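So you can see what is in the structure, the chains are spelled out below.
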Amino acid sequence: MNEQATQYAARGRKFLAQASEELARNDLPQASEKGWGAAAQLVKAAAEQRGWPHGQHRQLYEIVRNLAAEEGSDELRKLFGLAGELHTNFYEEIMSTEVVEYHLSEVTGLVERVEAILRNGTAA
């Protein structure tokens, strides 16, 4: 993994830890945004590793679609969709604590799956 991809992955893990801290403080908008940030940073790490552009939100969804195609499963797309809902919650504050907790647990799964892709160089 190149240095930039490593930095994106580390930042993603940091954001995931911060999401848990914000959730414990019941700051649901900040927990939500940190969850989105974790997912986005890991996706950027995978894109960086492959030399794919990743500077726009639209591109992140394309990257996830491509990774899901490599895996032969839509699971990554579903998980990233939940991360996108967290991003919306940052602005709209429409989710309950239980829903944010669930979404963050799913984002944790996304982070772990993308980390495995990064280690293996390909989708699992």
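Above this text is the structure in question.
Residues numbered from 1 in each chain as written. Predicted model: local features only at pLDDT ≥ 70, side-chain atom pairs only at ≥ 80, totals over all residues. Heavy atoms only, no water.

**Some details on helix H4 (residues 75-92)**
With 18 residues, H4 should reach 26 Å at 1.5 Å per residue; the first-to-last C-alpha distance of 26 Å fits that figure. Among all positions of H4, only Leu76, Leu79, Phe80, Leu82, Ala83, Gly84, Leu86, His87 and Asn89 are buried. Buried positions along H4 lie against helix H2 (28-50), helix H3 (57-71) and helix H5 (97-120). Looking one or two residues beyond H4, the residue adopting positive phi is Glu93, at roughly 50°. (Helix = DSSP H or I, 4+ residues; strand = E, 2+ residues; numbered from the N terminus. Expected span 1.5 Å × (residues − 1). Buried < 20%, exposed > 50% of the residue type's maximum accessible area, 1.4 Å probe, protein only. Contact = heavy atoms within 4.5 Å.)

**What about the environment of Gly84?**
Residue position: Gly84 is located in helix H4. Classification of Gly84 by relative accessible area gives buried; the value is 11%. With 83 residues separating them in the primary sequence, Gly84 and Met1 have C-alpha atoms 26 Å apart. Non-local contacts of Gly84, meaning those with residues more than four positions away in its chain, are made with Trp36 and Tyr61.

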